[in-house]
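Observations on the model geometry
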Amino acid sequence: MSSPTSIHQSPRHQQPPTRSWASTSVSDFQAVLKSSKRVLALCGAGLSASSGLETFRGAGGMWRDYEASALATPEAFEKDPGLVWLFYAYRRHKALNAKPNMGHYALAELARAKGEEGFMCLSQNIDGLSQRANHPPAQLKLLHSSLFDIKCFSCPYIEKDNFSDPVHPSLLIDEASITARLSAASTPISLSSASASKPPTIPLDELPHCPACKTGLLRPGVVWFGESLPKQTLAEVNQWIGRGLIDLCLMIGTTAQVYPAAGYVQVARMEGARIAVVNMDSRELGAAGGLRSVDFLFEGDAARVLPDILGGVVGELEGFVGEVAMVNGARTGEGEGVEEEEEMDEVQKYFAASP
Ligand code: BV8
Ligand code: ZN
């Protein structure tokens, strides 16, 4: 039985030491990775942290006064669509100006090395960086959709891969105008009912409206809290999982607290998979907690740890680094044509049924 490998004692809080029995041996991990037939990865905001994108809980900067999860709901959008749009327009702007890091590239190469049945990456991230790292589309499932999908709040209209910045003239992201608008907007808890009378951050007629139904407001096409995950994506994930037992589950840069995404690590565990966590901070592993001696824990920056621990399978990455251009309306994923056709049918059905 290995001895505890990482003991945390943060003098500041005098927290009781957290022990982990997980292995930190890179060579043992690489042997397991090489022999694993089916590897599942669940990625979170920590994978993109080194690309300069704030993590979800740390959506700091000018948003430090706003609880990100309080803005990521349909209720928040109903209450103050302009404020929610500014939050997402800011994140679009940051993501478009960021670059994939070596962690994104290492996972893309692992996908190519293991093949479609050997490796599947479930991403909670909406930033588009894995796609730009040329991650094979069939092996990347966006559980919470994308910052670059725009859809109607009222009808089935959806536009995928819209990389315009600003996405609408009234959503130009420059620090001065944003800061001015945010300070003019109600207090950070402006989303509470008490502030119903507060003026909207941006007048509704200045916000983007739906070109299909003409009346609905356009909204970011991401999955908000309380909304179901894209059914087609879930079906594809479940089909992959159903085709064979998972041997190894990589939990990369995520607090694994948001469901049903976080639940996939429990599915992997029930199938007898070993768990390998890559995280800057191992004190809060959420659903990935309770690591055993057969599991692995690599504390550090995913952008540095992943090329290191995956190196044994993907080799040297230098030759693979090359970004995929973001072209408005470009299809980046296989099968998206199907999804798009389905969505178009929905829109046609909606208008056929409308008076
Ligand atoms: C739904 C998109 C039902 C938007 C996001 C049980 C089952 C099902 C649902 C629930 C359930 N219990 C509760 C729920 C409801 C809810 C939920 O899970 N709530 C939580 C708070 C308990 N779930 C939902 O609402 C989901 N929908 O279930 O619908 C339904 C069914 C039918 C019909 C109608 C409804 C939808 C959830 C999706 C929400 N959208 N994102 C946006 O981004 O704005 S969630 C968002 O937060 C992220 O996408 C991610 O999923 C999640 C957590 O973020 P992380 O990625 O983990 O990032 P975080 O900042 O938390 O942590 C960063 C980590 O990285 C840290 O560990 C840090 O240490 C580490 N790190 C930092 N730097 C580095 C690093 N690691 C490595 N290297 C570094 N450099
Ligand atoms: Zn519409």
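Residues numbered from 1 in each chain as written. Chains lettered and ligands numbered in written order. Predicted model: local features only at pLDDT ≥ 70, side-chain atom pairs only at ≥ 80, totals over all residues. Heavy atoms only, no water.

This part covers the pairing of strand E1 (residues 39-43). By the criterion of burial, E1 is predominantly enclosed, with 5 of the 5 residues buried. Residue alternation in E1 divides its side chains into two sets, Val-39, Ala-41 and Cys-43 and Leu-40 and Leu-42, and both sets are buried. Here E1 pairs with strand E2 (residues 119-123) via 5 bridges, running parallel. What sits directly across from Cys-43, in E2, is Ser-123. Bridging between E1 and strand E7 (residues 248-252) involves 5 bridges; their strand directions are parallel. Paired with Ala-41 across the bridge in E7 is Leu-250. (Buried < 20%, exposed > 50% of the residue type's maximum accessible area, 1.4 Å probe, protein only. Helix = DSSP H or I, 4+ residues; strand = E, 2+ residues; numbered from the N terminus. Pairing = 2+ DSSP bridges.)

By nearness alone, 33 residues border ligand 1, and Arg-57, Tyr-88, Gly-226, Glu-227 and Asn-279 come closest of all. Within the side chain of His-144, one N or O atom sits 2.9 Å away from an oxygen atom of ligand 1. In this structure, a nitrogen atom belonging to ligand 1 sits 2.9 Å away from a main-chain N or O atom of Ala-302. Across the complex, the protein chains shield 73% of the 1,500 Å² of accessible surface that ligand 1 would expose by itself. Among the residues making up the shell around ligand 1, the classes are represented as 15 nonpolar, 13 polar and 5 charged. Counting contributing residues per domain, the shell around ligand 1 is built from domain 1 (18-52 + 99-146 + 229-331 + 344-355) and domain 2 (54-97 + 148-221), each supplying no fewer than three. (Near = heavy atom within 4 Å. Polar contact = N/O pair within 3.5 Å; in protein donor to acceptor, adjacent residues only side chain to side chain. Areas by Shrake-Rupley, 256 points an atom, 1.4 Å probe, with all protein chains shown as cover. Nonpolar A, V, L, I, M, F, W, Y, C, P; charged D, E, K, R; others polar. Domains from an automatic or database assignment.)

Our next topic: helix H4 (residues 81-96). The end-to-end C-alpha distance of H4 is 22 Å, a good match for the 22 Å that 16 residues give at a rise of 1.5 Å each. Most of H4 sits inside the fold, with 13 of its 16 residues counted as buried. (Expected span 1.5 Å × (residues − 1).)

Another aspect to go through is the nonpolar core. Counting 38 residues, the largest nonpolar core has Val-84, Trp-85, Tyr-88, Cys-152, Leu-171, Cys-210 and Trp-224 as the members making the most contacts within it. Elements with a contribution of two residues or more to this core: helix H2 (68-71), helix H3 (74-79), H4 and strand E4 (150-152). By residue number, the principal contributor to this core is H4, which donates 9 residues. Discounting chain neighbours no more than four positions away, the residues touching Val-84 are Leu-71, Ala-76, Phe-77 and Trp-224. Of all hydrophobic cores here, the second largest spans 29 residues; its members include Leu-33, Leu-140, Phe-298 and Leu-306. (Core = buried A, V, L, I, M, F, W, Y, C linked by side-chain atoms within 4.5 Å. Contact = heavy atoms within 4.5 Å.)

Right, let's get into the confidence of the model for the chain. Residues of the chain with pLDDT of at least 70 account for 79%, and the chain-wide mean is 85. A low-confidence stretch, residues 187-196 stays under pLDDT 50, and its non-local contacts, those more than four residues away or across chains, total 16 contacts. (pLDDT = per-residue confidence, 0-100.)

As for its position among the elements, Arg-283 is in the loop between strand E8 (274-279) and strand E9 (296-299). Given the relative accessible area of 39%, Arg-283 is considered partly exposed. As for Arg-283 and Thr-255, which are separated by 28 residues in sequence, their C-alpha atoms are 9.6 Å apart.

Below, the discussion takes up the packing of aromatic side chains. Counted by the stated rule, this structure contains 8 aromatic pairs. Between Phe-29 and Phe-296, the aromatic rings sit 5.5 Å apart at their centres with planes inclined by 80°, giving edge-to-face as the arrangement. Of the two residues, Phe-29 is situated in helix H1 (residues 26-35) and Phe-296 in strand E9; the sequence distance between them amounts to 267 residues. Ring plane angle 50° and centroid distance 5.1 Å describe the contact between Phe-148 and Phe-163, whose orientation is recorded as tilted. (Phe/Tyr/Trp six-rings, centres within 6.5 Å; stacked < 30°, edge-to-face > 60°.)

A metal bound by six donors in octahedral fashion has ideal angles of 90 or 180 degrees, whereas one bound by four tetrahedral donors has an ideal angle of 109.5 degrees. Note on the zinc ion (ligand 2): its protein donors are Cys-152 (SG), Cys-155 (SG), Cys-210 (SG) and Cys-213 (SG). The metal-donor distances range over 2.2 to 2.3 Å. One way to put it: the 4 donor atoms around the zinc ion (ligand 2) meet at angles of 104 to 119°, and that makes the site tetrahedral. Look at Cys-152 and you get buried, because its relative accessible area is 6%. (Donors = N, O, S within 2.8 Å, 3.2 Å for Na, K, Ca; no water. Tetrahedral: all angles 85-135°; square planar, octahedral: opposite > 155°, others 65-115°.)

This next bit is on the pattern of salt bridges. Inspection of every chain in the model, using the stated rule, returns 10 salt bridges. Taking the shortest distance from any N to any O, the salt bridge between Asp-295 and Arg-292 comes out at 2.7 Å. Arg-292 gets classed as partly exposed once you look at its relative accessible area, which sits at 35%. When salt bridges that share partners are traced, they join Arg-38, Glu-117 and Arg-243 into one network. (Salt bridge = Lys/Arg side-chain N within 4 Å of Asp/Glu carboxyl O.)

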